[in-house]
Amino acid sequence: MELQFLGTGAGQPSKSRNVSSLVLKLLDEINEVWMFDCGEGTQRQILETTIKPRKVKRIFITHLHGDHIFGLPGFLASRAFQANEEQTDLDVYGPVGIRSYILSSLRLSGARLPYRIHFHEFDETNLGKIMETDKFVVYAEKLDHTIFCIGYRVMQKDLEGTLDAEALKAAGVPFGPLFGKVKSGQDVVLEDGRKIIAKDYISAPKKGKIITILGDTRKTDASIRLGLGADILVHESTYGTKDEPLARKHGHSTNMQAAQIAKAASAKKLLLNHISARFLGRECRQLEKDAQTIFENTHMVKDLEEVSL
Ligand SMILES: [Zn+2]
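Report follows, based on the coordinates. Keep in mind it's a predicted model, so treat the numbers as computed, not measured. (Residues numbered from 1 in each chain as written. Predicted model: local features only at pLDDT ≥ 70, side-chain atom pairs only at ≥ 80, totals over all residues. Heavy atoms only, no water.)

Within the protein, the secondary structure is distributed over 11 helices and 16 strands. Dimensions of the protein, computed from the C-alpha atoms along their principal axes, are close to 75 × 50 × 40 Å. Looking at the protein as a whole, 50% of its 309 residues are labelled buried. The contacts of the protein with a sequence gap of at least 6 include a subset with a gap of at least 24, amounting to 63%. Accessible area for the protein stands at about 15,100 Å²; split by element, carbon and sulfur atoms hold 50% of it. In the protein, 42 positive and 40 negative side-chain charges are present, and the distance between their average locations comes to 2 Å. (Helix = DSSP H or I, 4+ residues; strand = E, 2+ residues; numbered from the N terminus. Buried < 20%, exposed > 50% of the residue type's maximum accessible area, 1.4 Å probe, protein only. Contact = heavy atoms within 4.5 Å. Areas by Shrake-Rupley, 256 points an atom, 1.4 Å probe, with all protein chains shown as cover. Lys, Arg positive; Asp, Glu negative; His and termini not counted. Charge placed at Lys NZ, Arg CZ, Asp CG, Glu CD.)

Right, let's get into the sheet that holds strand β13 (residues 232-236). Strand order across the open sheet formed by seven strands is β7-β8-β9-β12-β13-β14-β15, with mixed pairing between neighbours. Since the sheet does not close on itself, it has two edges, and those belong to β7 (128-132) and β15 (298-300), each with one partner. The mean angle between the axes of side-by-side strands here comes to 20 degrees, regardless of whether they run parallel or antiparallel. As paired elements, strand β8 (residues 136-142) and strand β9 (residues 150-156) share seven bridges and run antiparallel to each other. Residue pairing in the sheet places Val-138 in a bridge with Val-154 of β9. Seen against the sheet, helix α11 (residues 281-292) touches β14 (270-273) and β15 and runs at an angle of roughly 165 degrees to β15. (Pairing = 2+ DSSP bridges. Axes fitted to C-alpha atoms, helices over the stretch in contact; angles between N-to-C directions.)

Of the protein atoms, only His-63 (NE2), His-65 (ND1), His-145 (NE2) and Asp-216 (OD) coordinate the zinc ion, at distances of 2.2 to 2.4 Å. For the zinc ion, the four donor atoms in the first shell make angles of 85 to 175 degrees at the metal, a pattern classed as irregular. Considered as a linear motif, the donors of the zinc ion on their single chain read H-x1-H-x79-H-x70-D. You can see His-65 sitting in the loop between β4 (56-60) and α3 (66-69) and its partner His-145 sitting in the loop between β8 and β9, a full 80 residues away along the chain. His-145 gets classed as buried once you look at its relative accessible area, which sits at 9%. (Donors = N, O, S within 2.8 Å, 3.2 Å for Na, K, Ca; no water. Tetrahedral: all angles 85-135°; square planar, octahedral: opposite > 155°, others 65-115°.)

Shown next as structure tokens:
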């Protein structure tokens, strides 16, 4: 499982940072890639990666500001060209309005998709658990921005323990139905009367990962709830150390506030994104350092950077 940042800039693209988009690569887990926001130029950023657009099966949109959605029509139209027999449907999650935005842009530009888009639109009344499969569950809460904005908490379900087949073979269990029984957790009795205790041959379940991806927001308790115990918390950092009043005025956060959220949530790692073009290399490192005084495991991400979980 990896997170890859396609655009880490705020508001408008700069030479070093494109506008918002990131992907959660779940290829080993479920052979899917999930995209979060899709600012203009996202499809060009993807060309610099190994991501195959047809593997993008779910797109989660945080809010309807242009720097988070203007890349959608282009990406969706190009995706249609990049696969044929493996063409698959797509699920889009986002604020009410995302459906009409996508469908109008596609219709007015004469784009016809060979796949279907399933829309899941949210407002203040239907957030909470928004998606569940056998391996993942996603929760969403409203953040505090200038327009309705959603934060997402992706939880991988705990992984079952794996069977130690070698040890089982060594214990004299013949390959076949008995193996299957032990694997499913049942104790079995062998022909010679020995009892095989299943849990001795199955490793402990592995805790699923938690990845929290927030949209644009002021410092808010919703972010703490969404980020509780997260392996990775992605938080915007539009403003700098001393800019709290400005951040509040414009519906954003500072690097320090993001760090306070990560600390309060007992997250394991904080990744700062949505960085203003005003901040260049050295200033970015300083913002990161300042935030580390509050939450040590803080890192400010760059475009195309990949983080493994
Ligand atoms: Zn915004």
